[in-house]
Amino acid sequence: MRKFNFCAGPAALPEPVLRQAQEELLDWQGVGCSVMEVSHRSPEFTAVAEAAEQDLRDLLSIPGNYKVLFLQGGATAQFSAIPWNLFGAGSKSADYIHTGQWAEKAIKEARRYGEVNIVASAEDRNFSYAPAADAWQESDDAAYFHYTPNETIGGVEFPYIPEVKSPLVADMSSTILSQPLAVERFGFIYAGAQKNIGPSGIAVGIVRDDLLDRALPDIPRSLSWKIAADGQSMDNTPPTFAWYLSGLVFKWLKAQGGVEAMAELSLKKSQLLYGFLDRSAFFSSPVSVESRSRMNVPFVLADESLDKKFLKESEEAGLLALKGHRSVGGMRASLYNAVPLEAVEALVAFMADFEQRNG
Ligand SMILES: *Cc1c(COP(=O)(O)O)cnc(C)c1O
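Quick caveat, the model's predicted, so the values are computed rather than measured. Every chain is numbered independently, its residues counted from 1 as its sequence is written. A pLDDT threshold of at least 70 governs which residues receive local features in this predicted model, and a stricter bar of 80 or more applies before side-chain atom pairs are shown or counted, although totals over entire chains, interfaces and linings include all residues. By convention in this description, side-chain values take in all heavy atoms of the structure and omit both hydrogens and water.

1. Re the domain arrangement of the protein chain
Worth spelling out the cut-off: Domain start and stop points were drawn from an automatic or database domain assignment. Residues are treated as being in contact if the distance between any of their heavy atoms lies within 4.5 Å. Buried area adds together the accessible area that both of two parts lose upon being put together, with accessible area traced by a 1.4 Å probe. For salt bridges, the criterion is a side-chain nitrogen of Lys or Arg within 4 Å of an Asp or Glu carboxyl oxygen. Whenever two N or O atoms come within 3.5 Å, that pair is a polar contact, provided that in protein one can donate a hydrogen and the other can accept it, and provided that, for residues adjacent in sequence, both atoms are side-chain atoms.
Assigned domains within the protein chain: domain 1 (15-256) and domain 2 (258-358). When each unit is reduced to the centre of its C-alpha atoms, the spacing between domain 1 and domain 2 is 27 Å. Every contact between the two is made by 27 residues of domain 1 and, on the other side, 26 residues of domain 2. Taken over both partners, the interface formed by domain 1 and domain 2 buries close to 2000 Å², and the fraction arising from carbon and sulfur atoms is 51%. It is I153, E157 and S178 that lose the most area in domain 1 upon contact with domain 2, and together they represent 24% of the buried surface on that side. Residue E157 is joined to R294 by a salt bridge in which the shortest nitrogen-to-oxygen separation is 2.6 Å. Linking domain 1 with domain 2 are 16 residue pairs in polar contact (both at pLDDT 80 or more).

Set out below in structure tokens:
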């Protein structure tokens, strides 16, 4: 029996997608073997790759002057790829907003290749909010401006897109495809697949094509966006199964009504849970109201000594992976696209009952 899965990543996948993959696993499209066993340059796989790109373009209305890349090494490889790809046009300094653990990893990596200017930091309040734009110290010669629209661990989401002078770069690993996106406001968007796209092993990059000639001369081949773009993301063997499965998720998303439907659903799901947290005398959210994530909802129990009991009983009730990140403790419910409203309803009902018995 499939249970309700609140894992932060690798995360829940849509059940119809898994069923289709299962059905066609052994003999895919009548070729007599699985999709994992055909050449990535075969006409069959090329069609999968092209359809995945087109469906993603349709879902996010990606303008024609942007390249869509399917990349390896996860979002983490992009922490390094960004400075390598953008520090070659003169300036070796970049602006970063520090909002928590993922932003910090991106910052640390960029510091290896150039100068990082922290334009704003939420460290003063334990990374529980997204800094407002009026407090920023943007630099004049930044090669780019990086931020993390949704901090997966802290559960902090920017309610706005920063208005900046240099190309805007965003780590959308845990928020992409959860609402319509003004792609034209960005220079580079990237996302590891295993939260809101597909299985782990692949990452999506969306890059404005005028940024493809700014790489440092010694850039490692595997990190170059230009080489990826010129070679249809097949300069070397791509993770074909992850690409195929991501493509099935894109088709599923379209059938659900696209990102508009996901925006509505994500609001409904998160408001249901935050509403309960705010009424409860036992559970609470540590995140500032205006910066609360629709995707990742951390919460704590009034009595920490009940954490273990909560986790044990929730798992027995068919609610998986509610343990908070090891660095922050407490609980976290991730509500990505593939998590249905019924999962959140079941979670809230369980929490209300737990509070009654233990509060
Ligand atoms: C999960 C996550 C990452 C790391 O992704 P990997 O694919 O494991 O490298 C980076 N940034 C954010 C915001 C994430 O949620």
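2. What to know about the side chain of T99
Selection rule: Secondary structure elements follow DSSP: runs of H or I of four or more residues count as helices, runs of E of two or more count as strands, with numbering from the N terminus.
Looking at the secondary structure, you find T99 in the loop between β3 (93-98) and α4 (101-111). Excluding its chain neighbours within four sequence positions, the residues that come into contact with T99 are F127, P131, T148, E151 and F158.

3. Thoughts on the pattern of salt bridges
The condition is simple: Each residue's exposure class comes from its accessible area (1.4 Å probe, protein chains only) as a fraction of the maximum for that residue type: buried when under 20%, exposed when over 50%, partly exposed otherwise.
A complete count under the given rule lists 20 salt bridges for this structure. Between D58 and K254 there is a salt bridge; the shortest N-O distance is 2.7 Å. Of this pair, D58 sits in helix α2 (residues 43-60) while K254 sits in helix α6 (residues 240-256), and the two are 196 residues apart along the sequence. Between E313 and R357 there is a salt bridge; the shortest N-O distance is 3.1 Å. With a gap of 44 residues between them, E313 in helix α8 (residues 307-316) and R357 in helix α9 (residues 341-358) connect regions that are remote in the sequence. Given the relative accessible area of 19%, E313 is considered buried. Through salt bridges with shared partners, a single network forms among D55, D58, K251 and K254.

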